[in-house]
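Each chain is listed here by its residues.
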Amino acid sequence: MLSFALAGVRRIVLFGAHPDDIEIGAGGLLLTLPPDVEVRYVLLSGTPDRQAEARAAAAAFLPGARITFDLHDLPDGRGPAHWNQAKDVVQAAAADGADLVVAPAKDDAHQDHRLLAELVPTAFRDAVVLHYEIPKWDGDLGRRNVYVPLPDERARRKVELLHANFPSQKDRDWWDDEVFLGLARLRGMECRSRYAEAYTCEKAVMSL
């Protein structure tokens, strides 16, 4: 198993189709990043109330980071019908480059997630792109090839911050500790850690 460090990451772009996507899929990674990173936080959709939740969550998950928000209001669930606007959003976010890009996975069952997953690698050709997973009713979890081990306290902190910053989601039947920690435990088992997040990386360049 090959390991690499996040210590050299200085500029990161985070993509979510909806508020809470980034934190569900990559909250543990965010809590692992160096505190002084420069972050561009991009959402395709969200009502003002939900976007306010996302702003608060980003501050909580990334204390000390320099965060630029790029929040849009494309119709939820109809992203592919707004391909041109979504493409413009992704291209604009790529203008300043990045060391690391985090986006949904191409095998995600939600069409808005897949749209972002397909557009991001076409705009970011000189950055590592990690595609995160989101548990959902569709049962679309697959095989991943990159893992971020999470100590117990970090995994539980992620779940604590999800609850604290996204109160609008608390009544959803899948929004609970068992879903979030259960998936993290399974991914942890796959990389010999107690908990972990898992990602897909389709292309990477190794420097020796």
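What you see as residue numbers is a count from 1 along each chain, following the sequence as written. With pLDDT at 70 or above as the cut-off, local features in this predicted model cover only qualifying residues; side-chain atom pairs require 80 or more to be listed or tallied, and sums for whole chains, interfaces and linings still use all residues. To get the side-chain values, all heavy atoms of the structure are used, and hydrogens and water are removed first.

Caption draft 1: Inspection of the environment of Ala-123 at higher detail. Secondary structure elements are taken from DSSP: a helix is a run of H or I of four residues or more, a strand is a run of E of two residues or more, and numbering for both begins at the N terminus. Along the chain, Ala-123 turns up in helix α4 (residues 111–123). Working definition: with a 1.4 Å probe on protein chains only, accessible area under 20% of the residue-type maximum means buried, over 50% means exposed, and in between means partly exposed. Here Ala-123 falls in the buried class, since its relative accessible area comes to 18%. The residues touching Ala-123, leaving out its near neighbours within four places in the chain, are Val-90, Gln-91 and Ala-94. Here a residue-residue contact requires only that any non-hydrogen atoms of the pair lie within 4.5 Å.

Caption draft 2: Spotlight on the packing of helix α5 (residues 152–165) against helix α6 (residues 177–190). The angle between two axes is taken between their N-to-C directions and runs from 0 to 180 degrees, where each axis is a line fitted to C-alpha atoms and a helix contributes only its stretch in contact. Two numbers describe how α5 lies on α6: the axes approach to 10 Å, and their chain directions differ by 150 degrees. The angle between α5 and α6 places the two elements in the roughly antiparallel class. Along this stretch, α5 crosses α6, giving a crossing that reads as right-handed. Counted together, Ala-155, Arg-156, Val-159, Leu-162 and His-163 of α5 and Asp-177, Phe-180 and Leu-181 of α6 form the full contact between these two elements. Residues belonging to the contact of α5 with α6 are distributed by class as follows: five nonpolar, one polar and two charged. Each angle is binned into one of four classes, with values under 35 degrees roughly parallel, values over 145 roughly antiparallel, values of 65 to 115 roughly perpendicular, and all other values oblique. By convention, the crossing between two helices is left-handed when the near helix turns anticlockwise from the far helix through less than a right angle, and right-handed when the turn is clockwise. We call Asp, Glu, Lys and Arg charged. Ala, Val, Leu, Ile, Met, Phe, Trp, Tyr, Cys and Pro are nonpolar, and the rest, Gly among them, are polar.

Caption draft 3: Highlighting the side chain of Ser-193. By secondary structure assignment, the location of Ser-193 is in the loop between α6 and β7 (195–200). Given the relative accessible area of 18%, Ser-193 is considered buried. Two N or O atoms form a polar contact when they lie within 3.5 Å of each other; inside protein one atom must be a possible hydrogen donor and the other a possible acceptor, and for residues adjacent in sequence the pair counts only when both atoms belong to side chains. Here Tyr-195 takes part through its backbone oxygen, which lies 2.9 Å from a polar atom of the side chain of Ser-193. Setting aside its immediate chain neighbours within four residues, Ser-193 contacts Pro-149, Leu-150, Arg-185 and Gly-188.

Caption draft 4: Here's a closer look at the layout of surface pockets. A volume near 470 Å³ is recorded for the second largest pocket. Cavities and pockets are defined on a 1 Å grid built over the protein atoms alone: a cavity is a set of grid points where a 1.4 Å probe fits but cannot escape, while a pocket is an open set with protein on both sides within 12 Å along at least five of seven lines, and lining residues are those with an atom within 4 Å of any such point. If you go around the second largest pocket, you meet 21 residues; those closest to its centre are His-18, Asp-21, His-110, Arg-172 and Trp-174. Considered class by class, the residues forming the lining of the second largest pocket number six nonpolar, seven polar and eight charged. Grid points are joined across faces, edges and corners, and a volume is the space filled by probe spheres set on the points.

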